[in-house]
Amino acid sequence: MRAIRWLTLGCLSALTGALLTVPAVGKADAAVPYESYTYNYWMDDVKSPAPYLPVKTVEGQSLGLGAFNEPKDLVVDAAGDVYVLDSGNSRIVVLDRDLQPKRTIDAFDNGGKQDRLNEPGGMALAPDGTVYVADTGNSRVVAIGAGGELVRTIANPKSDLLGDGFKFIPLKLAVDRSNRVFVIAQGAFEGILQFDADGTFMGYVGTNKVSFNAEDYLWKTLSTKTQRDKMILFVPTEFSGISLDQRGFVYATNVDENSEHLVKRLNPSGEDTLKRLGYFSVSGDLRYSNTGVNGGPSNLVDVAVRDKGIYSVLDSRRGRVFTYDREGDLLYVFGQMGTQAGTFQQPVALDAFQDRIYVLDSGKARIHVFQETLFGSLVDRATGLHFDGKDQEAAAGWRQVLRLNSNYDLAYIGLGKAQLRNQQYKEAMHSFKLGMNRTYYSAAYKRYRKAFVREHFEAGFASLLALLAAIVAYRLVRRRRMGKRGAHETGFH
């Protein structure tokens, strides 16, 4: 009977989502070139109001800087300045928060001599403004100060862990507050290379585990040596994108289609601490076609860590931006491949600042700017309040979210958590049921049952005592009466 109720509720939830077709524009006022959606408990994609809308595109020509040539990375600093790694032109273009040219870094002073980048692949910003660049073509990492001088270089690292034939070709990187540098290098399947503030190699962190198909493994076991040599080796994949949160944890993406852990959050010991408590894994699209140019699972190439435990990942296969909360719940999805404004050809990097998300499109050689809508801001704010433990305040935001999208499961769950903390167990059970969260529903039910028994047990126990007292009194009175009657009949009185 309970299974039938869940199935009925799921059907009603899907029907409500199908009827929800009007997006909430809110802060950004622009046409939507794509359909936004989320996934429900049944892993069906359900239409949703757009969380972000395209408001602007920026190209090198329009800035008077010449066309971008195969740009590969984009970073936004604490002031809102946007750094674009224009790899094909071997330069870094810095734009202010209004996306106007501020400066260009195409050369730097290296011991009194002018030095240049060579097809760099990635960059990161230190808290003091130093720009760290994965200078791929020159097989090194360089740190360039605000005055255009070389601060430090990492090249040709030596270690028994690296092996004699290792060639250092950095692709992407990140730097923490202690100036430790984390580098994704070509061919470094053992994990992310970590260097201390002096540039000394400290070891690998976050090694990707080998994943393989059991059938392939069995076939390889039974094959001859010649046949095995012709097979694809089960080698761990490289990481594809990297970012740091405020606590110094490393967020990284990889492109192993057989792995369920396409996003990791690595602590200082290299252990994956990413929470995956949602209905499904943190892996981008759940439903997709395996045919066509854009077929197959999501290809996650970059990650942007935002406030309050929220992070966004970029799918280069279908041009999607997926945003998750700290617990691994999917908050919203937007973006699409195409030729319209706000759609992508080859998205390679993203970053976020305040109410904007920036996506770098290498195929179109431009930056796409997306601004948060009312729906997106309500979801982010409620999620942030829950992160801070303010579920009662978050509840008001979740109610507003449900006015815009009555099929948003996380809003019901958020309401349920607030009601649970407020000891409104029956109401919490109803909210968790609408949100299809069995774990929290069970918790609310247990507390409701305990409170019900406690409340009614006290009244019942008092009634029972009164009844027992009445019975005892009745028997005493009856016995006394019987005693008097017996004495009267025998003449003893």
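Residues numbered from 1 in each chain as written. Predicted model: local features only at pLDDT ≥ 70, side-chain atom pairs only at ≥ 80, totals over all residues. Heavy atoms only, no water.

Asks: Help me understand the overall build of the protein, please; the structure alone is not making it clear to me.
Replies: Secondary structure assignment for the protein yields eight helices and 27 strands. Pairs at least 24 apart in sequence give 49% of the contacts found in the protein among residues at least 6 apart. Surface exposure of the protein reaches about 25200 Å², of which carbon and sulfur atoms provide 51%. (Helix = DSSP H or I, 4+ residues; strand = E, 2+ residues; numbered from the N terminus. Contact = heavy atoms within 4.5 Å. Areas by Shrake-Rupley, 256 points an atom, 1.4 Å probe, with all protein chains shown as cover.)

Asks: Help me understand the pairing of strand 17 (residues 201-205) in this model?
Replies: Put simply, side chains in a regular strand alternate between the two faces of the sheet. Note: strand 16 (residues 192-195) against strand 17, four bridges, orientation antiparallel. By the bridge assignment for strand 17, phenylalanine 195 is matched with phenylalanine 201. Between strand 16 and the antiparallel strand that follows it, strand 17, lie five residues; glycine 199 among them carries a positive phi value of about 90°. (Pairing = 2+ DSSP bridges.)

Asks: Honestly, helix 4 (residues 374-387) in this entry has me stumped. Any pointers?
Replies: Along an α-helix, residues three or four positions apart point the same way, because every turn accommodates 3.6 residues. Taking 1.5 Å of rise per residue, the 14 residues of helix 4 would be expected to cover 20 Å, and the 20 Å separating its terminal C-alpha atoms lies within 8% of that figure. Buried residues dominate helix 4, accounting for 11 of its 14 residues. Buried within helix 4 are the following residues: Phe375, Gly376, Ser377, Leu378, Val379, Asp380, Ala382, Thr383, Gly384, Leu385 and His386. Where helix 4 is buried, its residues touch strand 3 (52-59), strand 24 (330-334), strand 27 (366-372), helix 5 (391-404) and helix 6 (409-421). With its phi angle positive at about 80°, glycine 389 sits one or two positions after the end of helix 4. (Expected span 1.5 Å × (residues − 1). Buried < 20%, exposed > 50% of the residue type's maximum accessible area, 1.4 Å probe, protein only.)

Asks: I tried to follow unusual backbone geometry on my own but got confused; where do I start?
Replies: Residues apart from glycine generally show negative phi values, whereas peptide bonds are mostly found in trans. Here the phi dihedral of glutamate 119 falls at roughly 45°; this positive angle occurs in a residue that is not glycine. Following the sequence through the fold, glutamate 119 ends up in the loop between strand 9 (113-115) and strand 10 (122-125). What makes glutamate 119 partly exposed here is its relative accessible area of 48%.

Asks: Even after reading the chapter, I still don't get the sheet that holds strand 7 (residues 101-105), so can you show me in this structure?
Replies: Paired through their backbone hydrogen bonds, the strands of a sheet run either parallel or antiparallel. Strands sit in the order 4-5-6-7 across an open sheet of four strands; the sheet is antiparallel. Single-partner strands in this sheet number two, and they are strand 4 (73-76) and strand 7. Along the sheet, successive strands turn relative to each other by an average axial angle of 20°, direction set aside. Here strand 6 (residues 91-95) pairs with strand 7 via four bridges, running antiparallel. Looking at the pairing, valine 94 lines up with arginine 103 of strand 7. (Axes fitted to C-alpha atoms, helices over the stretch in contact; angles between N-to-C directions.)

Asks: What am I meant to see in the nonpolar core here?
Replies: As a rule of thumb, soluble globular proteins bury nonpolar side chains together. In this structure, Val359, Trp398, Val401 and Tyr408 are the most contacted members of the largest nonpolar core, which totals 42 residues. The greatest single-element share of this core, amounting to seven residues, is contributed by helix 6. With residues near it in sequence (within four places) discarded, tyrosine 408 still touches Thr38, Leu330, Leu331, Phe375, Val379, Trp398, Val401 and Leu402. (Core = buried A, V, L, I, M, F, W, Y, C linked by side-chain atoms within 4.5 Å.)

Asks: How should I be thinking about a nonpolar patch on the surface in this particular structure?
Replies: Together, Leu465, Leu467, Leu468 and Ile471 make up an exposed nonpolar region whose accessible area comes to about 340 Å². Residue position: leucine 465 is located in helix 8 (residues 438-490). Looking at leucine 465, the relative accessible area reads 43%, which means it is partly exposed. (Patch = residues over 30% accessible without salt bridge, like charges linked within 9 Å, V, L, I, M, F, W, Y side chains within 5 Å. Salt bridge = Lys/Arg side-chain N within 4 Å of Asp/Glu carboxyl O.)

Asks: Is there a simple way to think about empty space enclosed by the protein in this case?
Replies: Using a probe with the size of a water molecule, rolled over the atoms, empty space left in the structure can be pinpointed. Considering all chains together, one arrives at four cavities of 30 Å³ or more under this definition. Tyr39, Tyr279, Leu330, Asp409 and Leu410 are, among the 15 residues lining the largest cavity, the residues nearest its centre. Contributions of two or more residues to the lining of the largest cavity are made by strand 1 (37-39), strand 24 and helix 6. Considering the residues around the second largest cavity, the lining is formed by Arg180, Phe182, Gln194, Val205, Gly248, Phe249, Val250, Leu266, Asn267, Pro268 and Gly270. (1 Å grid on protein atoms, 1.4 Å probe; cavity = no way out; pocket = protein on both sides within 12 Å on 5 of 7 lines; lining within 4 Å. Points joined across faces, edges and corners; volume = space filled by probe spheres on them.)

Asks: What should I look at first to understand the environment of glycine 191 in this one?
Replies: One can find glycine 191 in the loop between strand 15 (181-185) and strand 16. For the pair glycine 191 and glycine 206, spaced 15 residues apart in sequence, the C-alpha to C-alpha distance is 5.3 Å. Those residues in contact with glycine 191 that lie beyond four places of it in its chain are Tyr204, Val205, Gly206, Thr207 and Phe239.

Asks: Explain the pairing of strand 27 here, please?
Replies: The buried fraction of strand 27 amounts to seven of the seven residues, a majority that puts the element mostly inside the structure. Here strand 27 shows no split at all, with Arg366, His368, Phe370 and Glu372 on one side and Ile367, Val369 and Gln371 on the other all buried. By the bridge criterion, seven bridges tie strand 3 to strand 27 in an arrangement that is antiparallel. Counterpart to valine 58 in the pairing with strand 27 is isoleucine 367. Where strand 26 (residues 356-361) lies against strand 27, six bridges are found, and the strand directions are antiparallel. Within strand 27, the position partnered with leucine 360 by the bridge is isoleucine 367. Joining the antiparallel neighbours strand 26 and strand 27 is a turn of four residues, in which alanine 365 adopts a positive phi near 55°.

Asks: Explain the pattern of salt bridges here, please?
Replies: Between side chains of opposite charge, a pair can form when the charged atoms approach closely. Tallied over the full model, the rule gives 16 salt bridges. Measuring nitrogen to oxygen at the nearest pair gives 3.8 Å for the salt bridge that ties arginine 320 to aspartate 285. One end of the pair, arginine 320, is in strand 23 (residues 320-324); the other, aspartate 285, is in the loop between strand 20 (263-266) and strand 21 (300-305), and 35 residues separate them in sequence. A relative accessible area of 15% means that arginine 320 is categorised as buried. For aspartate 285, a relative accessible area of 4% translates into the label buried. With its nearest N and O atoms 3.2 Å apart, the salt bridge here joins arginine 421 to aspartate 391.

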